[in-house]
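# Fold and geometry: a report
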Amino acid sequence: MKIVQYDEVEWKRGLQHRGGTFHYRHLLNGTPGTLGNFQFNIGQLEGDFASPRHRHNFDQFRFQIEGTMNFDRNGKMTAGSFGYFPEGAAYGPQSSEGRSVTAVLQFGGASGSGYLSREQVYAGTEELKKFGTFEGGIFRRNDDVEGRRNTDGYQAIWEHMNGQRMEYPKPRYRDPIMVDPENYEWLPVAGMPDVSEKPLGTFTERHCGAALLELARGATYRAGERSVYLVLSGSGIAHNAAYRQFTALHLEDGEEIDVVARDETEILRLVLPDLTGVQAMRAVHVEAAE
């Protein structure tokens, strides 16, 4: 188990390959270079932030903590809403309506395309600045440098770091899925007295998903494997460590812990995909293509 206290992490400037002002607190990450690598941050955007309509070769969960994010034709996310942004599906353009705070989990999805670490993204950004500029989320290559003139910022970084063209996965969902948890009912969790949940959805054949959990004061919740947890409110003990608002936890395959609520607690659970066998399947597909 990994546990990180949000208020003990410094704000950093990020997303320089997009437009406007973005700061984040980096809470958790996976193992760089693996198909299941992930990154979990709480980010703060100002009103000048802008990102063009684009798509990813990885999956993304978003939980809006404060403010409003506008995704144009795909709709808006207001405080308390949850979104699943699937790999391969275009969304945006994206802008913030004033100050906005969002918890974001980005992770390698069912296609097996993996996910770049933040160190790789930073290194790629700095290296590409030698050959062009990032403007409004687009990398614009200098006229005297060979290659495509204009490329999505993240795509340009990925291609630079991997030395090959990015092939976007065929989208399993055509559009992002935005959820309003306020319209869900709390359901009892079997075998866990005074613990309730709102299952927000399970996605793809690899079963990534999300749920909200509510623990009454004194209740014990058995936290499960392959999950990232974010405490939205309350305090208590997770295994042998204290938790409070915005404490983040990661449990790997095979891990379970008890979470004991000292005060009434609400927790966001984000389940990472089960990518068992994906590497072997990708190898078979490559051989078949050749």
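Residues numbered from 1 in each chain as written. Predicted model: local features only at pLDDT ≥ 70, side-chain atom pairs only at ≥ 80, totals over all residues. Heavy atoms only, no water.

### Considering the sheet that holds strand 23 (residues 248–251)
Here seven strands make up an open sheet; going across it, the order is 1-23-20-25-18-17-16 and the pairing antiparallel. Where the open sheet ends on each side, the last strands, each with one partner, are strand 1 (2–4) and strand 16 (187–188). (Pairing = 2+ DSSP bridges. Helix = DSSP H or I, 4+ residues; strand = E, 2+ residues; numbered from the N terminus.)

### Quick look at empty space enclosed by the protein
Tallied over the full model, the rule gives two cavities of 30 Å³ or more. There is about 40 Å³ of room inside the largest cavity. Asp 59, Tyr 84, Pro 86, Glu 87, Ala 110, Lys 170, Pro 171, Arg 172, Tyr 173 and Thr 204 together form the lining of the largest cavity. Class assignment for the residues of the lining of the largest cavity results in five nonpolar, one polar and four charged. Estimated volume of the second largest cavity: approximately 30 Å³. As for the second largest cavity, its lining consists of Tyr 221, Ala 223, Tyr 229, Leu 249, Val 259 and Ile 267. (1 Å grid on protein atoms, 1.4 Å probe; cavity = no way out; pocket = protein on both sides within 12 Å on 5 of 7 lines; lining within 4 Å. Points joined across faces, edges and corners; volume = space filled by probe spheres on them. Nonpolar A, V, L, I, M, F, W, Y, C, P; charged D, E, K, R; others polar.)

### Observations concerning the sheet that holds strand 12 (residues 132–135)
If you walk across this open sheet you meet the three strands as 12-13-14, and the pairing is antiparallel. Of all strands in the sheet, those bounded by a partner on one side alone are strand 12 and strand 14 (150–152). Strand-to-strand twist in this sheet, taken as the mean axis angle between neighbours without regard to direction, amounts to 25°. In this sheet, strand 13 (residues 138–141) lies alongside strand 12 in antiparallel orientation, the contact comprising four bridges. The residue bridging Gly 132 from the neighbouring strand is Arg 141, located in strand 13. Sitting on the sheet, helix 2 (residues 153–162) touches strand 12, strand 13 and strand 14, and the angle it makes with strand 14 is about 95°. (Axes fitted to C-alpha atoms, helices over the stretch in contact; angles between N-to-C directions. Contact = heavy atoms within 4.5 Å.)

### Points about the side chain of Thr 204
Checked against the element boundaries, Thr 204 lands in the loop between strand 17 (195–203) and strand 18 (208–215). Residue classification places Thr 204 among the buried positions, given a relative accessible area of 15%. With sequence-adjacent residues up to four places away left out, Thr 204 is seen in contact with Tyr 84, Ala 110, Arg 172 and Tyr 173. (Buried < 20%, exposed > 50% of the residue type's maximum accessible area, 1.4 Å probe, protein only.)

### What about the packing of aromatic side chains?
According to the stated counting rule, one finds 17 aromatic pairs in the structure shown. With 6.2 Å between their ring centres and 50° between their planes, Phe 61 and Phe 203 make a pair best called tilted. Here Phe 203 lies in strand 17 and Phe 61 lies in strand 6 (residues 59–66), a separation of 142 residues in the sequence. Of the residues examined, Phe 61 reaches a relative accessible area of 1% and is grouped as buried. With a relative accessible area of 6%, Phe 203 lands in the buried category. (Phe/Tyr/Trp six-rings, centres within 6.5 Å; stacked < 30°, edge-to-face > 60°.)

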